[in-house]
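# Descriptive structure summary
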Amino acid sequence: MSTTEPLLSAGNDGEAGKKNQSSSKGRRVCIDEALSSYAGEFGRWQLRHFVAVSAAWALEALHTMVIIFADREPATSCAAARCGDPCAGAGAAGGWEWAGGAPVASTVAEWGLVCGERYKVGLAQAVFFAGCMIGAGVFGHLSDSFLGRKGSLQVVCILNAAFGLLTAASPNYWAYAALRLLTGFSTGSVGVLAFVLATEPVGPARRGAAGMSTFYFFSGGIAALAGVAALFPRSWRLLYVVTSLPSLAFAVAVVPFVSESPRWYLVRRRPDDALRVIREIAATNGRAVPEDLTLKLDDEDEEEQGKDGGGGTAKAAAASASSGSIFDVFRSRTTRVRLVLSVLINLLASVVYYGLSLNVVNLKTNLYVTVAVNSLAEMPAYLLTALLLDHFGRKPLAIGTMLLSGVFCTAGSLIPGAGIMRVARMVCGVVGIFGMAATYNLLFIYTAELFPTVVRNAALGCTAQAAQMGAIVAPLVVMFGERLPFAVFGASGIVGGLLVFYLPETMNKPLYDTMAGLEEGEKSVLK
């Protein structure tokens, strides 16, 4: 029985006629309102969906950070009474050998990537992030169009597993580098796809905290990788096999059982599928959706007015709503400015985050323990931003965390690296990565809220490309020594924080579905 029937039967005469007419049309709401008023903003359905989808972040961590262990340079030992310069000839010719007698422990040991060949290690890392940059844009567009969020995530996970297993069988360095490029192509969009698919069914009041929680899975994946790598220290090939199989298991055993985003269904003009997902959410959460409820896009009311004035306008609006590309982002001044700023901010944040992460390996401590501790040390930053996100807003928090990182990195560049001052510089680096880890996490939810559903993944793909470019630049910055990298990271953090001043606040704002809905919403705010 419909929840509106008692109301309909209560009226009489003209009043009853009006109510019956209203009932025949049904209640038309956007997805945010359907979630907050009827289905529930973050109940059992969203929790289960969020955890299942966000597990893909751990897979991205495995494929991204495995290079730390696979391409490490093992310790060497002198096999003769006297050993010469290890770079004067091959290691064995100079009297040196790899400690532990494990020539296949890493790519460096197997292919002799030392001395004049050392650049190849950095090259393999650079081409991986170049692949990430390309793949983020490609799959960002595909997920907004016909392939969808769920379909795109399944495809990239299968590709990750395939390319990772092929990497384990690389016959030489150049085949290895090429396969790392392909792995980057499929890995670069995993996080973005998982983030969007996990957070789009979440209500507006809970979306910020949910989005900020996704990075826990990434850090957890890095910590797990350190443990797995410690179990397979003598074979980089076996390590690639072990870190690739989880992606295949995820694509086969998890993705088929999660739901596609109702927002994607709606912008693709499949309202029945979108409403079906909303009803599933409500049923699992112990809520009820009225029988007469229908879903609408943000600008659907304007489209209906367009039908009265001319069908061409409505059809054009419908076509633009069902699919979007990065070109649509540039057609609007509002989204164009937001995208340019987001690209610059994400690039600068990535330079600082990855740069400080790479600087940590110079501590000369146990590699496995160091990586695990560093990944776990980022989690307090995620917790802090999640707690403060809905109190201070996205914009002030992004400004504060970027400036915090920038100021402490700048201070680190002014501290000499001798004696006790070395500890002070290390503290500056720890605070710097703490602030930038918080920023990096925050930027995902902030950037997603700046763009409407129809182009959200395309825009996020673009900013992810910028972040990958920053990841490519970061190792080059680290090569400049001890103090100059800190100065570069400090300047990047401060400039990035200042750029955030020009972005709008998105806290407690609707998550728009279409470009027209965003434009109308911005006009109403200005009024």
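Residues numbered from 1 in each chain as written. Predicted model: local features only at pLDDT ≥ 70, side-chain atom pairs only at ≥ 80, totals over all residues. Heavy atoms only, no water.

The name given to the chain in an unreviewed UniProt entry is H(+)/Pi cotransporter, and the organism recorded there is Miscanthus lutarioriparius. Word for word, the UniProt comment on the chain under Subcellular location (unreviewed entry) is "Membrane". (UniProt positions renumbered as here; feature names shortened; annotations may be inferred.)

## Some remarks on the nonpolar core
Within the largest apolar cluster, 107 residues are counted, with the highest numbers of intra-cluster contacts made by F69, L153, Y176, F195, Y353, Y354 and F489. Two domains share this core, each providing at least three of its residues, namely domain 1 (28–78 + 85–298) and domain 2 (326–526). Once residues lying within four places of it in the same chain are set aside, the contact partners of Y354 are M65, F129, Y440, A471 and A474. (Core = buried A, V, L, I, M, F, W, Y, C linked by side-chain atoms within 4.5 Å. Buried < 20%, exposed > 50% of the residue type's maximum accessible area, 1.4 Å probe, protein only. Domains from an automatic or database assignment. Contact = heavy atoms within 4.5 Å.)

## Quick look at empty space enclosed by the protein
Per the counting criterion, the structure on display carries 4 cavities of 30 Å³ or more. For the largest cavity, the calculated volume is near 240 Å³. As for the largest cavity, its lining consists of 20 residues, and the residues nearest its centre are W57, Y440, F444, A467 and Q468. Of all elements in the fold, only α4 (44–70), α9 (190–199), α11 (214–231), α18 (333–359), α22 (421–450) and α23 (453–478) reach the threshold of two or more residues within the lining of the largest cavity. Looking at the lining of the largest cavity element by element, the count peaks at 5 residues for α23. In this structure, the second largest cavity is lined by P204, A205, R207, D390, R394, E449, T506, M507, N508, K509, P510 and L511. It is helix α10 (residues 204–212) that contributes the most residues to the lining of the second largest cavity, 3 residues altogether. Its residues assigned to classes, the lining of the second largest cavity shows 5 nonpolar, 2 polar and 5 charged. Split by domain, the residues of the lining of the second largest cavity number at least three in each of domain 1 (28–78 + 85–298) and domain 2 (326–526). (1 Å grid on protein atoms, 1.4 Å probe; cavity = no way out; pocket = protein on both sides within 12 Å on 5 of 7 lines; lining within 4 Å. Points joined across faces, edges and corners; volume = space filled by probe spheres on them. Helix = DSSP H or I, 4+ residues; strand = E, 2+ residues; numbered from the N terminus. Nonpolar A, V, L, I, M, F, W, Y, C, P; charged D, E, K, R; others polar.)

## Some details on the packing of helix α21 (residues 394–414) against helix α24 (residues 483–500)
At a minimum axis distance of 7 Å, the contact between α21 and α24 shows a crossing angle of 160°. The angle between α21 and α24 falls in the class roughly antiparallel. In terms of crossing hand, the pair formed by α21 and α24 is left-handed. Taken together, the residues of α24 that come into contact with α21 (itself represented by K395, A398, I399, M402, L403, G406, V407, C409, T410, G412, S413 and L414) are R483, F486, A487, F489, G490, A491, S492, G493, I494, G496, G497 and V500. Residue composition of the contact of α21 with α24, by class: 13 nonpolar, 9 polar and 2 charged. (Axes fitted to C-alpha atoms, helices over the stretch in contact; angles between N-to-C directions. Parallel < 35°, antiparallel > 145°, perpendicular 65-115°, else oblique. Left-handed = near helix turned anticlockwise from the far one by under 90°.)

## Observations regarding the packing of aromatic side chains
If you walk through the whole model with that rule in mind, you get 23 aromatic pairs. Seen in terms of ring centroids, F50 and F217 are 6.2 Å apart; in terms of plane orientation they differ by 70°. Their pairing is edge-to-face. Of this pair, F50 sits in helix α4 while F217 sits in helix α11, placing them 167 residues apart in sequence. Look at F217 and you get partly exposed, because its relative accessible area is 23%. Here Y173 and W174 contribute two aromatic rings whose centre-to-centre distance is 4.9 Å and whose plane-to-plane angle is 75°, an arrangement assigned as edge-to-face. For Y173, a relative accessible area of 5% translates into the label buried. Given a relative accessible area of 49%, W174 falls into the partly exposed group. Taken together, the ring pairs in this structure connect W57, F128, F129, F215, Y216, F218, Y353, Y354, Y382 and Y440 into an aromatic cluster. (Phe/Tyr/Trp six-rings, centres within 6.5 Å; stacked < 30°, edge-to-face > 60°.)

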